[in-house]
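# Results of the structural survey
Now for the letters of each chain:
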Amino acid sequence: MTRALKPATARRSQNTAAPNDTAPDSTAPDSTATGSAGPDSTATGSGAPGNTAPGGGAPRRWVLRHRWFLAVLALGAVLRALAMLGYRPALWFPDSYTYIVTVFKPRPDLVRPAGYSMFLKLLEPLHSFGAVTAVQHLLGLATGILIYRAARRAPRWAATLATVPVLLDAYQIELEHLLVSDTLFMFLVVAGVALCATRRTATIAAIGLLLAAATLTRTVGQPLIVVLAAWFALRHLLSPPDGPLGMADGPIGPATRIRPAAVLLAAALVPIVAYGAWFYVTYQRVGLVGANGVFLYARTMSFADCARMDPPPDLKVLCDPRPPEHRPPSQEYIWAKDAPLVLRPGITFSKENDDLAARFAMLAITTQPLDYAASVLEELARSFTWGRPIYPDAEIYGYYQFPATAPGPPGRYPAQVGAEYAKLYEQGAIGTEIVEPFAGWLRAYQSMVRLPGPVLLGILLVPPVAAIARRRHGRRLVAGPAWLVPWSVAVVLLITPAAAAEFDYRYVLPAVPLACLAAAQSLGRDLPRQSGGDSRAKEFGDDIPPNVQL
């Protein structure tokens with residue numbers, strides 16, 4: 001007996017029964033009459049979902065409906081398979097060895113939080129760095145799926161284009177093949193942002209936990225908690241009353257407005273405070289890392305002028321007599337053997353040195369605020385250059401290229417110690433085996449396919465320009481300004497490293513999918529002139545027939 005398929009609209013009507021959830025895919029008017037069908041709305045002439053025939057017809061129509069995205073996803077999977085074949089088992093970065101030491105000696109690191117080390121610890125039973133890179137590539141693919149799903153109210157072409165950089169950019173694929181924290185961080189942040197349409201308390205708590213995990217992977221995640229908490233506190237003011245996030249039932253009290261933000265903050269702070277307590281027990285210092293002052297000091301050395309600052313005697317030892325235009329990149333003030341801070345007694349990241357560096361940095365910023373602002377803008381502008389000039393130096397720049405020859409063993413002593421622990425992790429020799437012709441294909445691909453900086457700038461400008469155009473024509477988005485969340489997060493991810501450390505190409509990549517998501521969401525459907533919508537509209541995933549759903 002053939003079981004009749006339940007119409008997708010019926011499943012959506014059941015989902016709307018949840019009292020605390022008015023997510024965009026369950027209650028919003030999804031009229032296709034606007035001519036701006038979303039990535040998951042029914043194409044003209046495809047028939048209502050209730051007429052779906054049992055058997056293989058429905059999955060086939062679903063594949064056809066999303067064929068362009070599925071093609072991009074498949075191509076991204078092929079490129080990642082080439083990386084696995086061409087560079088076995090992984091590519092190494094100087095930070096990789098520190099993460100691996102923490103796997104075997106679990107304690108907070110002074111420079112990097114231990115979130116990525118915990119991720120490596122979960123995969124340790126496999127004893128394979130190839131398995132680690134495979135999981136990171138899967139996270140990259142999953143990020144593309146999340147972007148497409150979150151852009152479901154945009155035109156399907158826009159939602160598909162939003163996934164192209166994260167799925168097909170050669171530098172993104174290379175970053176996933178490196179043993180560094182950025183791919184995990186990107187996935188955690190995108191997952192949190194993708195869930196922001198919810199009203200469910202449990203989902204909001206999950207967002208807080210995702211942001212906490214991101215913060216414990218890279219500390220740049222800390223301001224993102226504030227950004228998303230502000231969204232949940234203010235979105236009732238920003239969304240149209242008859243939109244999916246609006247308050248069509250009337251005004252709400254202050255406690256109800258603040259509750260989602262409070263839930264997110266509580267969920268995020270619990271693991272962060274717990275990690276901070278672990279850090280304090282280990283070092284008797286408050287914080288998640290012990291290097292914030294050092295990195296900010298290095299950032300200010302691009303402009304700090306001690307003649308204008310007139311620092312006290314204990315800070316003068318950190319001055320550089322060279323004019324700013326003749327100084328090395330900021331990172332050299334942390335790692336170079338002759339850097340003023342490195343020459344001080346004790347380790348570079350001791351509490352005394354970090355506090356001293358922080359005092360110097362704050363004096364430089366308050367004495368030369370315009371120079372600091374100009375320096376931040378100069379670093380930020382590197383994200384938007386057309387070319388890809390070598391920066392901060394040839395060594396670091398080279399780590400982001402698929403190599404033609406196998407990298408040599410680590411040179412610095414801490415990395416050598418980490419390499420020994422890496423052998424324990426792998427239970428064998430470590431290194432990178434380059435296998436042709438796969439590696440050569442990837443190198444050729446990387447020389448041609450990347451997202452140029454001006455294109456990223458253009459993507460960031462799409463949402464505000466689209467919002468201004470809508471305002472001039474008196475139109476509003478179905479989901480309200482939902483693009484504000486990914487757009488704000490992308491901007492924070494670009495500005496924070498430029499303001500607190502220095503520009504690095506790998507710091508740009510996690511912001512790209514969020515900028516693309518914001519651009520796609522800003523092109524979403526307008527609210528119809530009259531209330532109501534077309535019940536035939538379908539969302540990505542809602543129209544999957546029961547016989548193929550998990």
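Here the residue index of a chain counts from 1 through its sequence in written order. For this predicted model, a pLDDT threshold of at least 70 governs which residues receive local features, and a threshold of 80 or more governs which side-chain atom pairs are given and counted, while totals over whole chains, interfaces and linings are taken from all residues. To get the side-chain values, all heavy atoms of the structure are used, and hydrogens and water are removed first.

## Notes on the overall build of the protein
Going by this rule: Runs of E in the DSSP output that reach at least two residues are strands. Runs of H or I that reach at least four are helices, and both are numbered from the N terminus. Summary of the burial criterion: residues with accessible area below 20% of their type's maximum are buried, those above 50% are exposed, and those between are partly exposed, where the area comes from a 1.4 Å probe applied to protein chains only. Contacts between residues were defined by any pair of non-hydrogen atoms, one from each residue, lying within 4.5 Å.
If you tally the helices and strands in the protein, you get 26 helices and two strands. The 550 residues of the protein split such that 52% are buried. Considering only contacts within the protein whose residues lie at least 6 apart along the sequence, 81% involve residues at least 24 apart.

## Here's the deal with the packing of helix H23 (residues 453–472) against helix H24 (residues 484–500)
For clarity, the threshold we go by: Each axis is a line fitted through C-alpha atoms, taken for helices only over the stretch in contact, and angles between the N-to-C directions span 0 to 180 degrees. Angle categories are assigned with fixed cut-offs, so that under 35 degrees is roughly parallel, over 145 is roughly antiparallel, 65 to 115 is roughly perpendicular, and the rest are oblique. With the far helix as reference, a near helix turned anticlockwise by less than a right angle produces a left-handed crossing, and one turned clockwise produces a right-handed crossing. For this scheme, ten residues count as nonpolar: Ala, Val, Leu, Ile, Met, Phe, Trp, Tyr, Cys and Pro. Four count as charged, namely Asp, Glu, Lys and Arg, and the remainder, Gly too, count as polar.
One can describe the packing of H23 onto H24 by two numbers: an axis separation of 11 Å at closest approach and a directional angle of 140°. By the criterion of interaxial angle, the relationship of H23 to H24 is oblique. Taken as a pair, H23 and H24 cross one another with a handedness that is left-handed. Two secondary-structure elements touch here, H23 through Leu460, Pro463 and Pro464 and H24 through Trp487, Ala490, Val491 and Leu494. Broken down by class, the residue content of the contact of H23 with H24 amounts to seven nonpolar, no polar and no charged.

## Structural notes on the packing of H23 against helix H26 (residues 512–522)
Two numbers describe how H23 lies on H26: the axes approach to 8 Å, and their chain directions differ by 25°. Between H23 and H26, the crossing angle belongs to the class labelled roughly parallel. Along this stretch, H23 crosses H26, giving a crossing that reads as left-handed. Here Leu456, Ile459, Leu460, Val462, Pro463, Ala466 and Arg470 of H23 come into contact with H26, specifically with Val512, Ala515, Cys516, Ala518, Ala519 and Ser522. Across the contact of H23 with H26, the residue classes tally to eleven nonpolar, one polar and one charged.

## Here's the deal with the state of the cysteines
Spelled out, the test is: The definition used for a disulfide is geometric: two cysteine sulfur atoms within 2.5 Å.
Here the structure, examined in full by the defined rule, presents one disulfide. Put simply, cysteine 306 and cysteine 319 are joined by a disulfide, and their sulfur atoms are 1.9 Å apart. Handedness of the cysteine 306-cysteine 319 disulfide follows from its S-S torsion of about -100°: it is left-handed. Residue cysteine 306 is located in helix H15 (residues 306–309), and its partner cysteine 319 is located in the loop between helix H16 (313–316) and helix H17 (332–335); the two are separated by 13 residues in the primary sequence. Classification of cysteine 319 as buried rests on a relative accessible area of 17%.

## Some words on H24
Our working rule: To estimate how far a helix should reach, multiply one less than its number of residues by 1.5 Å.
An ideal rise of 1.5 Å per residue puts 24 Å on 17 residues; H24 measures up with 23 Å between its terminal C-alpha atoms. Residues Val485, Pro486, Val489, Ala490, Val492, Leu493, Leu494, Pro497, Ala498 and Ala499 constitute the buried set of H24.

## Brief notes about the nonpolar core
Put simply, the test is: The nonpolar core is taken to be a set of buried Ala, Val, Leu, Ile, Met, Phe, Trp, Tyr and Cys residues, with the residues joined through side-chain atoms within 4.5 Å.
Counting residues in each nonpolar core, the largest one holds 138 residues, and the members touching the most others are Leu120, Phe129, Val132, Leu264 and Phe360. What valine 132 contacts, discounting residues up to four positions off in sequence, is Tyr116, Phe119, Leu120, Leu123, Leu179 and Tyr425.

## Remarks on the side chain of arginine 235
Test applied: Two N or O atoms count as a polar contact when they lie within 3.5 Å, although within protein this holds only if one can serve as hydrogen donor and the other as acceptor, and sequence-adjacent residues are included solely when both atoms are side-chain atoms.
Within the fold, arginine 235 resides in helix H12 (residues 222–238). Given the relative accessible area of 2%, arginine 235 is considered buried. There is a polar contact of 2.8 Å between the side chain of arginine 235 and the backbone oxygen of threonine 198.

## Concerning a nonpolar patch on the surface
Using the following cut-off: Like-charged residues within 9 Å of one another, or nonpolar side chains (Val, Leu, Ile, Met, Phe, Trp, Tyr) within 5 Å, are grouped into patches, provided each residue has over 30% relative accessible area and no salt bridge. Areas reported here follow the Shrake-Rupley algorithm with a probe of radius 1.4 Å; residue values treat only the protein chains shown as occluding. The salt bridge criterion pairs a side-chain nitrogen of Lys or Arg with a carboxyl oxygen of Asp or Glu, the two atoms within 4 Å.
Residues Leu265, Leu269 and Val273 make up a contiguous nonpolar surface patch of about 250 Å² in total accessible area. Looking at where valine 273 falls in the secondary structure, it is placed in helix H13 (residues 254–283). According to the relative accessible area criterion, valine 273 is exposed, its value standing at 54%.

## What to know about the confidence of the model for the protein
Definition in use: In predicted models, pLDDT denotes the confidence assigned by the predictor to each residue on a 0 to 100 scale.
When pLDDT is averaged along the protein, the result is 85; 81% of the residues meet or exceed 70. The model gives residues 529–542 a pLDDT under 50, and that stretch makes 43 contacts with residues more than four places away or in other chains.

## Some remarks on helix H5 (residues 94–104)
Regarding H5, the residues found buried are Asp95, Ser96, Tyr97, Tyr99, Ile100, Thr102 and Val103. Where H5 is buried, its residues contact helix H6 (115–123), helix H7 (129–150), helix H21 (413–426) and helix H25 (505–508).

## Description of the pattern of salt bridges
Inspection of the entire model under this criterion finds 15 salt bridges. In this structure, arginine 285 and aspartate 354 form a salt bridge, with 3.6 Å as the shortest nitrogen-oxygen distance. Placement of the pair is arginine 285 in the loop between H13 and helix H14 (292–300) and aspartate 354 in helix H18 (residues 351–367), with a sequence separation of 69 residues. The partner of lysine 351 in a salt bridge is aspartate 355, and the shortest N-O contact between them spans 2.8 Å. Here aspartate 355 and lysine 351 lie together in helix H18, a separation of four residues that amounts to about one turn.

## Some thoughts on the environment of proline 463
With respect to the helices and strands, proline 463 occurs in helix H23. When the C-alpha atoms of proline 463 and tryptophan 483 are compared, they prove to be 7.0 Å apart, with 20 residues separating the residues in sequence. Contacts of proline 463, omitting those with residues within four sequence positions, involve Trp483, Trp487, Ala518, Ala519 and Ser522.

## Points about the side chain of glutamine 172
You can see glutamine 172 is positioned in helix H9 (residues 170–177). Beyond its immediate sequence surroundings of up to four residues, glutamine 172 is in contact with Arg80, Pro165, Val166, Met186 and Leu509.

## Quick word on unusual backbone geometry
In this structure, the amide linkage connecting arginine 88 to the following residue, proline 89, adopts the cis form with an omega of -5°. By secondary structure assignment, the location of proline 89 is in the loop between strand S1 (87–88) and H5. The omega angle of the peptide bond from tyrosine 391 to proline 392 is 0°, so this bond is cis rather than trans. Of note, proline 392 is situated in the loop between helix H19 (369–381) and helix H20 (394–398). One non-glycine residue with positive phi stands out, namely histidine 127, at about 50°. One can find histidine 127 in the loop between H6 and H7. According to the relative accessible area criterion, histidine 127 is partly exposed, its value standing at 27%. Positive phi values are uncommon outside glycine, yet glutamine 427 reaches one of about 55°. Among the structural elements, glutamine 427 can be located in the loop between H21 and strand S2 (433–434).

## Notes on the environment of proline 108
Position of proline 108 among the secondary structure elements: in the loop between H5 and H6. C-alpha separation for the pair proline 108 and glycine 290, spaced 182 residues apart in sequence, amounts to 9.7 Å. In contact with proline 108, not counting residues within four places along its chain, are Tyr275, Trp278, Phe279, Thr282 and Tyr283.

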